[in-house]
Structure formats: structure tokens, C-alpha cells
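Given next are the chains, with one letter for each unit.
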Amino acid sequence: MRERLLYLLKHCSNLNHVETAHGFMVRTALHHDKLLLSQFIETCSSLGFSAYAHSVFSVNSQSHPHIYVFNTMIKGMTLCNSAFEALLVYKSIGRVGLRPDCYSFPFALKAVVDLRAMSLGTQIHSQAICAGLESNVHVVSALIQMYSSCARILDARKVFDEMPLASVCSDDVVVWMAMIAGYVKVGDPDTAMDLLSRMPRTQTDGAVLITWTSVIAGYAQMDRPDEAIAVFRKMQLENVVPDEIAMLAVLSACAQLGAFHIRLGECIHGYVKKRGFDQMVTLKNALIEMYSNSGNISNALHVFVNMTRRTVISWTTIISALAFHGLGTQALDMFSRMEMAQVKPNDITFIAVLSACAHVGLVDVGRYYFHAMKYRYGIQHEIQHYGCMIDLLGRAGYLAEALNLVSEMPFQPNAAIWGSLLAASNIHGDAELGELALLHLVQLEPWNSGNYALLSNIYASAGRWDKSVMARKMMRDKGVLKMPGWSFIQVSTRTHEFIAGDTSHHQFDRIHGTLFTMNEQMKTAHYDPINEFDNHDSDIGPASISYCSSF
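Residues numbered from 1 in each chain as written. Predicted model: local features only at pLDDT ≥ 70, side-chain atom pairs only at ≥ 80, totals over all residues. Heavy atoms only, no water.

1. Observations concerning the overall build of the chain
- Of the regular secondary structure elements, the chain holds 32 helices and two strands.
- Looking at the 551 residues of the chain, the share that counts as buried comes to 44%.
- Long-range pairs, those at least 24 residues apart, make up 61% of the contacts in the chain between residues at least 6 apart in sequence.
- Of the roughly 28,200 Å² of accessible surface on the chain, a fraction of 55% belongs to carbon and sulfur atoms. (Helix = DSSP H or I, 4+ residues; strand = E, 2+ residues; numbered from the N terminus. Buried < 20%, exposed > 50% of the residue type's maximum accessible area, 1.4 Å probe, protein only. Contact = heavy atoms within 4.5 Å. Areas by Shrake-Rupley, 256 points an atom, 1.4 Å probe, with all protein chains shown as cover.)

2. Description of the UniProt feature "repeat: PPR" (unreviewed entry) in the chain
- On the UniProt side, "repeat: PPR" (unreviewed entry) is annotated at positions that read residues 172-202, 208-242 and 311-345 here.
- With 77% helix and 0% strand, residues 208-242 has end C-alpha atoms that lie 10 Å from one another.
- Counting secondary structure, residues 311-345 comes out at 74% helix and 0% strand; the distance between its end C-alpha atoms is 10 Å. (UniProt positions renumbered as here; feature names shortened; annotations may be inferred.)

3. Section: helix α18 (residues 281-293)
- The end-to-end C-alpha separation of α18 is 18 Å, in line with the 18 Å expected for 13 residues at 1.5 Å each.
- A large share of α18 lies buried, amounting to ten of its 13 residues.
- The first or second residue beyond α18 is Gly 295, which carries a positive phi of 90°. (Expected span 1.5 Å × (residues − 1).)

4. Focus: the nonpolar core
- Within the largest apolar cluster, 156 residues are counted, with the highest numbers of intra-cluster contacts made by Ile 124, Ile 144, Ile 318 and Ile 319.
- When we break this core down by domain, the ones giving at least three residues each are domain 1 (326-404) and domain 2 (412-483).
- Leave out the neighbours within four places in its chain, and Ile 144 touches Ala 156, Val 159, Phe 160, Val 175, Ala 178 and Met 179. (Core = buried A, V, L, I, M, F, W, Y, C linked by side-chain atoms within 4.5 Å. Domains from an automatic or database assignment.)

5. What about the packing of aromatic side chains?
- Under the criterion given, the structure shown has twelve aromatic pairs.
- Judged by centre distance (5.2 Å) and plane angle (65°), the rings of Tyr 368 and Tyr 369 are edge-to-face.
- Relative to Tyr 386, the ring of Phe 370 has its centre 5.3 Å away and its plane inclined at 75°; by these criteria the two rings are edge-to-face. A residue pair is termed long-range when its members are at least 10 positions apart, and Phe 370 in helix α23 (residues 363-375) and Tyr 386 in helix α24 (residues 383-396) qualify at 16 residues. There is no split in this pair, since Phe 370 and Tyr 386 are both buried.
- Within the aromatic cluster, the residues linked to one another by ring pairs are Phe 335, Phe 350, Tyr 368, Tyr 369 and Tyr 377.
- The side chain of Arg 310 reaches across the aromatic face of Phe 304, ending 4.4 Å from its centre.
- One cation-aromatic arrangement involves Arg 367 over Tyr 398; the distance from NZ or CZ to the ring centre is 5.1 Å. (Phe/Tyr/Trp six-rings, centres within 6.5 Å; stacked < 30°, edge-to-face > 60°. Lys NZ or Arg CZ within 6 Å of the ring centre and 35° of its normal.)

6. Observations regarding the environment of Trp 176
- Tracing the chain through its elements places Trp 176 in helix α12 (residues 173-185).
- Overall, Trp 176 belongs to the buried group, its relative accessible area being 6%.
- On a C-alpha basis, the gap between Trp 176 and Phe 160 in space is 8.0 Å, while along the polypeptide they are 16 residues apart.

7. With respect to helix α2 (residues 15-27)
- For α2, which comprises 13 residues, the first-to-last C-alpha distance of 18 Å matches the rise-based estimate of 18 Å (1.5 Å per residue) to within 8%.
- What α2 keeps buried is the set Val 18, Ala 21, His 22 and Met 25. Relative to the axis of α2, the buried residues are bounded by an arc of 100° and lie together on one face. Exposed and facing more than 90 degrees away from the buried side of α2 are Asn 16 and Arg 27.
- The elements touched by buried residues of α2 are α1 (2-10), α3 (34-46) and α4 (50-63).
- Two or three places before Asn 16, at the start of α2, stands the capping residue Asn 14, its side-chain oxygen 3.1 Å from that residue's backbone nitrogen.
- Positive phi shows up at Ala 29, right after α2, with a value of about 60°. (Arc of directions from axis to C-beta. Polar contact = N/O pair within 3.5 Å; in protein donor to acceptor, adjacent residues only side chain to side chain.)

8. Examining the pattern of salt bridges
- Under the criterion given, the structure shown has ten salt bridges.
- A salt bridge links Arg 198 to Asp 194; its shortest N-O distance comes to 3.2 Å. In this pair, Arg 198 and Asp 194 are both assigned in helix α13 (residues 189-198), four residues apart and thus about one turn of the helix distant.
- We classify Arg 198 as partly exposed; its relative accessible area is 44%.
- We classify Asp 194 as partly exposed; its relative accessible area is 38%.
- Residues Glu 401 and Arg 367 are paired through a salt bridge, measuring 2.8 Å at the closest nitrogen-oxygen approach. Here Arg 367 lies in helix α23 and Glu 401 lies in helix α25 (residues 399-408), a separation of 34 residues in the sequence. (Salt bridge = Lys/Arg side-chain N within 4 Å of Asp/Glu carboxyl O.)

9. Points about the packing of helix α20 (residues 312-324) against helix α21 (residues 328-340)
- Axis separation between α20 and α21 bottoms out at 7 Å; the angle between their running directions is 165°. With respect to each other, α20 and α21 are oriented roughly antiparallel. In this structure, α20 meets α21 at a crossing whose hand is left-handed. Taken together, the residues of α21 that come into contact with α20 (itself represented by Val 312, Trp 315, Ile 318, Ile 319, Leu 322 and Ala 323) are Gly 328, Gln 330, Ala 331, Met 334, Phe 335, Arg 337 and Met 338.
- Looking at the contact of α20 with α21 residue by residue, the classes come out as ten nonpolar, two polar and one charged. (Axes fitted to C-alpha atoms, helices over the stretch in contact; angles between N-to-C directions. Parallel < 35°, antiparallel > 145°, perpendicular 65-115°, else oblique. Left-handed = near helix turned anticlockwise from the far one by under 90°. Nonpolar A, V, L, I, M, F, W, Y, C, P; charged D, E, K, R; others polar.)

10. As for a nonpolar patch on the surface
- A contiguous nonpolar surface patch, about 290 Å² in accessible area, is contributed by Phe 84, Leu 88 and Leu 115.
- Tracing the backbone shows Leu 115 in helix α7 (residues 104-115). (Patch = residues over 30% accessible without salt bridge, like charges linked within 9 Å, V, L, I, M, F, W, Y side chains within 5 Å.)

11. Here we look at the confidence of the model for the chain
- Residues at a pLDDT of 70 or more form 84% of the chain, whose mean pLDDT is 82.
- Below a pLDDT of 50 lies the segment residues 166-170, which in the model reaches six contacts outside its immediate sequence neighbourhood of four places, other chains included.
- Counting contacts from residues 530-551, a segment whose pLDDT is below 50, to residues more than four positions away or on other chains yields 39 contacts. (pLDDT = per-residue confidence, 0-100.)

Here it is in C-alpha cells:
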């Protein structure tokens, strides 16, 4: 009877099932059974009936208290996003004569993280020490997660370092995983990688893979794709077999580098097919983005066309890819196909659509979609949508309308919006608008030398040389340094970065000698690369042009 009821509780799917099971438990006097009651609470919580679960728990917790049931109730509350109620249940443990165990503390600390209640978290930490559980792996892992989630990484590291060494170095890799994930969470993948290199190797392949994947993702999220790919290669050398999540992380890094790691991206695509991951929508979306960023829009389209299931992210990614490659008309056609497929667009989709309009100068179409967002699709305008629309109007020469839209925005204009107006004023020679945009840009990003250079070019193009000189003087007076030109290129599997005036590259003498020889040959051919490049006061300097030419 008990086993059959336990099975039925695990397979309840609606409120009627839950009520029927509860009634049967009461009639057969099984509602005091700790395993059945815990399973009932867990079932209610998973189905979203947390209030029902709590009412049954409250009746039984006074007459037949058991820590197992309390732990299940705390866990259920956290799963239902009722962190405050979960902590109330945790606090009531002592009132019924029970003591928290090694499962009570992790569930309570999860609620602390949800509430960002750091002071309460330190109290629970003290209670865990008083209970003699400061070395329990479940409690230690939960404490590390709690401190790192609240950006208290030094406290998390202190908990980790105080873990008895003999215990950590056996099979308790979960503590190392928590600490590594903590460093990734606070944006310190270097320390995470250092810990990963020292983490005890166990038979827990899944745990090891998760840890490698988190470090790869950490580097990718910090815009350090080269390091992310390097960690992926190290993972392969250690014979750790990547899964679909690891593939997703490394594809993100490949997408950031564009064409410089297209071969690796193609290899990963082949691996995805080989492992049978090729029908995973998230991986397909990542492949579309990777191929798009590497300049291979045909492969991106091929991946999209061969998808058996597409989400709004899939459609948005391919629309963005087409717009990014200047194929604005095709991007808008793709959006029409998305509507015919009855996939509802989101706010990100309209950023892609408005960008596509800007690329091909379809002002009327852009105006239509900008207004249709709210009235047809029920999507509120964000500052990014205003930015796209202002960019579209500015590029097309509707400068007055663009400026008027800035004044009507319910948001404070950011540097990107004023930068769009500054660029538009440069295209259409409107020095007055350029000056207005720069005044705002100086306040928002006072150390950006490109703004001053662009305004100087606007004045120079209009023949207002005194103003052009004044813009440069303003830049000098404020102590703004001109950003040096830079370039990067891949040789074999390594990406090399070159900055104007930098001599730190290990093959600098060889490169410099090759450049000198090439420059001499160009002089003999009466070719001057500097004068061929039309540049008033650009941030791209001769050094970067020469470096690009040397490979």
C-alpha cells in the first residue's frame, strides 16, 4: 500500500490528483508517514501548489515533527520562489525541538541567495559551525555558493581554504566545483582556471566536465575568446569529452573571434553532427551566429534552413545575421516569413529589423515597424529601439526628425545615441548638430578621442579650419590621449595583436625588417601608402596599416 501510494504521488499531474492522494493518505492514516508526507510536499511544490503543501505541512509539523519533512518543505518553498517563507520554515525547526542537519543548511542558504539577505546568511553560517557541520561538503559548497553569489568571493575562498585538506582531496570535488564556479560568477576566470588545474581528478567525469565548461563560458562572457578556446583545447588534451553545453560555450567564443577561428567552428559543427547534437536548437542558433560573425552568411543560412524546429531566437539570429552582412531586404523578407510561421517576435527581433532598415535606408518601413511594435505587437520601446531608429533617420539625412525623436524619448540619451547623431552630422556635413552631439558626448565619455577627431573632421570638411583646430585644442586641454591604432591577425592557431608604437612582440625585429624592405620596394614603385589613405585625424594610424600589409 505504502509503495503504491508513493508511486502515485510521484506521478500526480494536476490538483485533482493531489487532492485525491491526500484524501487517501488521511483515510488510511498514512499522512504522518515522513516519506509519504515529504513526497506529497515535493509533488505539490513541483506542480506549483505550494500553499496547499504548506497547509498540510503546518498541520503535521506540530504533532509529528521530523527534520526530513522540514527539509523537504524548505526545498519546496525555494523551488516555488518563496524564499522568505522557506526561511520562516527553517527558523521554526528549533521551535519544535529539532536541529538542522547537513541538508537543512544548503536549502536555507539557497533562500538567502534568492533574497540577497547577506546578514542572515552569516547567521546561518555561524549556526552550521555550532552544529559541527563546518566541514560537511554539502554545507561548505552551499556556503561558497552563497558568498560568491553575493559578491563576497574572499569570504567564499576563506570557507574553501578552511576545508580540511584530506577531505577535499578525496572525492569531494563538489567543493572545488563550487569555488571555481564562484570565481567565474564574479568575473575572475583566471583564478578559476588556476584552481581547475589543481583540482583533484576523480572518476566523476560529469562533474569535471561541468567545471571545464564553466571556465570556458567564464572567459567567453568576459570577452576573452582566445583564452576560452585555449581552455577548450586543454580540456581535449585531458581527454574530457565535451557535451552540448561545452560546445555551446566554445561556439560563443568562436563567434566573438569571427573568421579567426572559423576552422575550429567548422570542426565543432562536424562534432555536433557526429554526436547527434545537430537537432539541438540552442547549438544551431550558436552555429548561425558563429558563421555570421566569421563572414560566412551562406553557411549560416544553410544551418537555419535545415533546422527542423525554430524558436524566436533562431529567427532573430538569422535576421540579425542578414542585417549585419548588409542584406537588409533579405532580412526583412525573413521577418515576413517569421510572421507567416506564426512565431511571435520579441524586443530583440525588432532591434534586428530596425537595423536591417538602417542598412538599406528604408526609412518609411523603419517608421512603420517602430510604431507597429507597440500598437500591433504590444512590445514597449526600449532605448535600443530608439537608438536604431535615430541611426536610421540620421543615415538617411533626416537629422531634424532624428533630433526630435531624441527629445521625445522617455529615456536619457546615452553615448551610442549621441554617437549616431555625431556620425550622421559627419556624413551630411552638419557642423552645428555635430557640435551639439559632442557637448553631450564629452560629458558621457570624456576620454574618447574618436569623438573629438570626428568633430574636427566635420569642421574641416565644411572649411571651418578655425573650429577644426579648436576641437583638437579642446582635446589637448582636457588631456585626452589619442588611442593608438591596432590590428590583429591569425598565424596558424595563434592570434597576434599589434599596437602602434609597441615593440613587445617576440618577433618585432623580424617584422620591422620585413616592413622596412616592403616600404623600400613601394618607394621604388613610387607608391605612398600613407597619402593613398584618406585620413584627416583618424584613430587608425600608419603603423596599423603597415602591420596589416605585412602578412
